[in-house]
Amino acid sequence: MDLPTHFAFALAAGLVFTNNPEVALLIALGSLIPDLDREYWFIPKKIYSDEQIHRAGLHNVFMMALVYLISPYLSLGIFLHVLQDSFTTVKDRGVEWFYPFTRLVKRGRLDCEGNEQPLDPKERVYFYQEDPPGLAKKADSDLRPSYDDNECRPVPWRRVYGFAQNSQILDRSFLIGSIAVILVWFFAPGNTFHIGTLMEVRSGSYSVIGVGFAAILVLFFAGEVDRRGHNPKLGRFNFAKYPIFASGIILLGVWGALMLDNIERNLRTIFLSNPVSVIMVAIIVPLAVFGVIKWKTRRGREGIV
Ligand SMILES: [Zn+2]
């Protein structure tokens, strides 16, 4: 879905559920992160489309877990973003929630037209259905899989798809609905929030969040220059992507340094005061996933994930 939709949705959810503008802005900042995998980052276009990095590289649960170590609120923003993208179609490339492990499941049980495929004795776990190439090839040119024909064939990525198109009715409904919720939150009588609360929050923390937003937006801008650089008409501006990218990375470093106290407190909370959560994540969750796959494949080689 579009970036303003992700931003507004995360901000609205943050304001309503936390009643704290500082926290809500962190959630909204997190919701901008995943689409950085749309940018090429100097990867040749062919590799980018062969590997289908967008909606995979930063749109996955491992990214959420990693960012959770920096801030749970940023991680929640990423989750809300990925959740919204899951509503989108094959054409918009859905979401690969468990990338890179999704690349280990080699085949779909059904081919791209929904016909049952013969089972391969070497494969234990199957995905439900192969990508319909007709729809995948309708994606934007930089997201289109690079094979030339419409033939049914196994592809190496395993994604979830929904029913909604980018920039169409559901995307716009999320955006308008979220803006309405934000306005109600600010102005509805009876709301426990007062405009004065905005001032009471340490003003310093807003400037830290501001640096975070600046870093992400500059990185988006560098990626955009890189993407447009592949267009012959705009190619001469391509050199600008390097200094812009470097500025984005420097800003990201500054933001990280400003967040250091928060990150340290967060890590201490996770690893020292609450070891149960670490045990849950590191031991119980992988065991549970392993158990489910074992159970699903117990009657032979027919498990579907
Ligand atoms: Zn996205």
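Conventions and cut-offs
- Residues numbered from 1 in each chain as written.
- Predicted model: local features only at pLDDT ≥ 70, side-chain atom pairs only at ≥ 80, totals over all residues.
- Helix = DSSP H or I, 4+ residues; strand = E, 2+ residues; numbered from the N terminus.
- Contact = placed C-beta atoms within 7 Å.
- Expected span 1.5 Å × (residues − 1).
- Buried ≥ 20, exposed ≤ 12 C-beta atoms within 10 Å, placed from the backbone.
- Bend = angle between axes of the 7 residues up to and from the residue.
- Axes fitted to C-alpha atoms, helices over the stretch in contact; angles between N-to-C directions.
- Left-handed = near helix turned anticlockwise from the far one by under 90°.
- Parallel < 35°, antiparallel > 145°, perpendicular 65-115°, else oblique.
- pLDDT = per-residue confidence, 0-100.
- Core = buried A, V, L, I, M, F, W, Y, C linked by C-beta atoms within 7 Å.

Points about the overall build of the protein chain
Scanning the protein chain from N- to C-terminus turns up 11 helices and 3 strands. Listed by position from the N terminus, the elements making up the protein chain come as α-α-α-α-α-β-β-α-α-α-α-α-α-β. Long-range contacts, defined here as pairs at least 24 residues apart, represent 69% of the contacts in the protein chain between residues at least 6 apart.

Notes on helix α5 (residues 72-85)
Given a rise of 1.5 Å per residue, 14 residues ought to cover 20 Å, and the 20 Å separating the end C-alpha atoms of α5 matches this to within 8%. The element α5 is largely enclosed, with a buried count of 12 among its 14 residues. What α5 keeps buried is the set Y73, L74, S75, L76, G77, I78, F79, L80, H81, V82, Q84 and D85. On its buried side, α5 packs onto α1 (3-18), α2 (21-30), α4 (61-68) and α7 (169-187).

Things to note about unusual backbone geometry
Each neighbour pair has its own omega, and for Y99 with P100 the value is 5 degrees, a cis peptide bond. Its identity is not glycine, yet N19 carries a phi of approximately 55 degrees, on the positive side.

What about helix α10 (residues 241-273)?
Largest kink in α10: about 55 degrees, centred on M259. Those residues of α10 not exposed but buried are K241, F245, G248 and W255.

Things to note about the packing of α1 against α7
For the pair α1 and α7, interaxial distance at closest approach is 8 Å and the crossing angle is 35 degrees. Between α1 and α7 lies a crossing whose hand is left-handed. Contact residues: α1 offers P4, T5, A8, F9, L11, A12, L15 and V16, while α7 offers D171, F174, L175, S178, I179, V181, I182 and W185.

So, the packing of α1 against α2
Pairs of packed helices are described in terms of their axes, by the angle between the two and the distance that separates them. Orientation of α1 relative to α2, taken along the N-to-C sense of each, is 150 degrees, at an axis distance of 8 Å. Taken as axis vectors, α1 and α2 run roughly antiparallel relative to one another. In the packing of α1 onto α2, the handedness of the crossing is right-handed. Across the interface between the two elements, F7, A10, L11, A13, G14, L15 and T18 from α1 touch P21, V23, A24, I27, A28 and G30 from α2.

Overview of the confidence of the model for the protein chain
Confidence in the prediction of the protein chain, expressed as mean pLDDT, is 85, and 90% of residues score 70 or more. Ranking the elements of the protein chain by mean pLDDT puts strand β3 (residues 303-304) last with 56 and α5 first with 96.

Digging into the environment of G253
Position of G253 relative to the elements: it lies in helix α10. When the C-alpha atoms of G253 and G212 are compared, they prove to be 9.5 Å apart, with 41 residues separating the residues in sequence.

Some thoughts on the nonpolar core
Core analysis: the biggest nonpolar cluster contains 39 residues, and L11, L26, I27, A28, L29 and I78 have the highest contact counts within it. Every element with two or more residues in this core is listed here: α1, α2, α4, α5, α7, α9 (203-229) and α10. Among all residues touching I27, those that are not within four sequence positions of it are A10, A13, G14, Y73, L76 and G77.

Digging into the environment of K138
Looking at where K138 falls in the secondary structure, it is placed in the loop between α6 (133-136) and α7. For the pair formed by K138 and D92, sequence separation is 46 residues and the distance between their alpha carbons is 8.5 Å.

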